[in-house]
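# Overview (structure and organization)
Residue strings, one per chain:
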Amino acid sequence: TFHRASDDSVVETPTITSDGTVGTATLEITANTASQATNYYCKATWTVGSGQGSVSSDPIYLSVLDITSITSTSWAVPSQLARFECSSNGILIMNSNGDAYLDTNGDRVTAGATVTWEVYNTGTNTWDSTDTDSKFDVSSLYVTADGVRVSKAVYIQPTQSDDGKQFRCNVNYVTDVPNNFYGGIVTSGAMTISIARVESLTASDANPIAGDTITLTCVATGESAPTFSFTTGNKIFDTSSYDFVSGPTVTTSGSTHTAEYVIKTIVANNLRNGQTITCEADYGIGNGKSTAETTVTTYYNCANVEVDSFNTYEGATITETDLGDGSLSQTITCPADTTYERYSLQTAVSGVHSNTITCTKETGKYSPKKLSGCLKAVPFTSGYQSYTWNLAAFSDKPCKPSQTGEYSFD
């Protein structure tokens, strides 16, 4: 029987042959995983009469060569490089400590192998040679001082359409009979390109009123958080249009990184079609940068615009109405009439004044320019008045028969 030395458990049943004198047991192990690399021994047991005896061999180590590590995900910025690495055992191993197997001359024995790469074809659902993809290049193949065979490859100038593209490596070990190594092919798991980039740049309010505080949110992907910066052109931030409040404040969840930058708008820019703001994610020297843009259009704050009026009378009322879109209207109402005074508004003059004027966030000006004024009417009264005439100087007879000596409406 054959046993694992670690726990004395019996492994698969061997094939036994005998020439009548010597019995030979042969065990064939299909090494599917590196976990099968361990010490094994064989045990011969026989029965003589009523007694039983056994003998065990010295342990022998089964060395399983395998791919030891790969670049499962290669993060790359568009138009830069995606880098892949496939590492495998490069020398024969003699024990579980990883010590090199030595030949008769005391030299470690290199496990001869070739390494090839394949790309997954989503159209045919097959793995094809990377020779079909001109952007894939195997940059180096070597065995380290620690006995690790390393194959490095790059994918040149990936684009957004390459996001999710998969590769794998095949290590074809060469048979070395003198050193009891019989070779075989080991295939890695899939290695995937992930495009690192700024996914989005948004403003909490893309159409603020001058004086509003807004938050810019920049979301980027990558293996680790990039260095974020926010600019409005020429690699600086326009401090004549915005006041800095805070940021960038960066948070990370897995491979998603979010930066928040808080600013306060100062002046309107809608007459020049807003301001383009850029978020840049810098992934480090040699790894590239990614950017995204958004436009913030700041409108005038009508609350800061002075209201002008032709009115000179106290007691007139000016009522402000918020139109809900950043615009305001002002309406003047004259004082109430009294017993002796009456008020009326000036007749509106187009473009000059009116009893209601409106300031829009688009212009930051009132139209018409001024509120009308109140006019005070001439005092108006009603009543009776009597007159007394001294007629002693006149004849008590009419001068003419037709004259009566009395006032008439004539």
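Our structure's up above, just so we're on the same page.
Residues numbered from 1 in each chain as written. Predicted model: local features only at pLDDT ≥ 70, side-chain atom pairs only at ≥ 80, totals over all residues. Heavy atoms only, no water.

### Things to note about the nonpolar core
- Formed by 29 residues in total, the largest nonpolar core has its most connected members in F84, W117, F167 and Y173.
- For this core, the elements supplying multiple residues, two or more each, are β9 (81-89), β10 (113-121), β13 (148-156), β14 (166-173) and β16 (191-195).
- If you look at the next biggest cluster of nonpolar residues, it comprises 21 residues, including V77, A196, L201 and C279. (Core = buried A, V, L, I, M, F, W, Y, C linked by side-chain atoms within 4.5 Å. Buried < 20%, exposed > 50% of the residue type's maximum accessible area, 1.4 Å probe, protein only. Helix = DSSP H or I, 4+ residues; strand = E, 2+ residues; numbered from the N terminus.)

### Things to note about the pattern of salt bridges
- Counted according to the given criterion, the structure contains 8 salt bridges.
- Residues R168 and E118 are paired through a salt bridge, measuring 2.6 Å at the closest nitrogen-oxygen approach. Pair noted here: R168 is in strand β14 and E118 is in strand β10, with a separation of 50 residues, a long-range link.
- In this structure, D162 engages K165 in a salt bridge whose closest nitrogen and oxygen atoms are separated by 3.3 Å.
- Since its relative accessible area comes to 5%, D162 is described here as buried.
- You can call K165 partly exposed: its relative accessible area is 23%. (Salt bridge = Lys/Arg side-chain N within 4 Å of Asp/Glu carboxyl O.)

### Here we look at the sheet that holds strand β30 (residues 366-367)
- Here we have 4 strands laid out as an open sheet, ordered β25-β26-β29-β30, and antiparallel in their pairing. Looking along the sheet, the strands with just one partner apiece sit at the ends: β25 (317-322) and β30.
- Sheet analysis places strand β26 (residues 328-333) next to strand β29 (residues 356-359), joined by 4 bridges and oriented antiparallel. Looking at β29, one finds that S329 is bridged to T358. (Pairing = 2+ DSSP bridges.)

### Concerning the side chain of D133
- By the element assignment, D133 lies in the loop between β11 (126-129) and β12 (136-143).
- Side-chain polar atoms of D133 contact the backbone nitrogen of K135, separated by 3.1 Å.
- Not counting residues up to four positions away in its chain, the partners in contact with D133 are Y155 and K165. (Polar contact = N/O pair within 3.5 Å; in protein donor to acceptor, adjacent residues only side chain to side chain. Contact = heavy atoms within 4.5 Å.)

### Some thoughts on the environment of D99
- Residue position: D99 is located in the loop between β9 and β10.
- Judged by its relative accessible area of 38%, D99 falls in the partly exposed class.
- D99 sits 48 residues away from G147 along the chain, and the two C-alpha atoms are 9.7 Å apart.
- Here D99 is in contact with L92, I93 and M94, once residues within four sequence places are set aside.
- Within polar-contact distance, the side chain of D99 engages the side chain of N95 at 3.0 Å.

### Quick word on the state of the cysteines
- Scanning the model with the defined rule gives 4 disulfides in all.
- Across a sulfur-sulfur distance of 2.0 Å, C334 and C374 are joined as a disulfide pair. A torsion of -110° about the S-S bond marks the disulfide between C334 and C374 as left-handed. Pair noted here: C334 is in the loop between β26 and β27 (343-345) and C374 is in strand β32 (residues 374-376), with a separation of 40 residues, a long-range link.
- The connectivity of the disulfide bonds within the protein can be written as 1-2, 3-4, 5-7, 6-8, using the sequence rank of each bonded cysteine. (Disulfide = S-S within 2.5 Å.)

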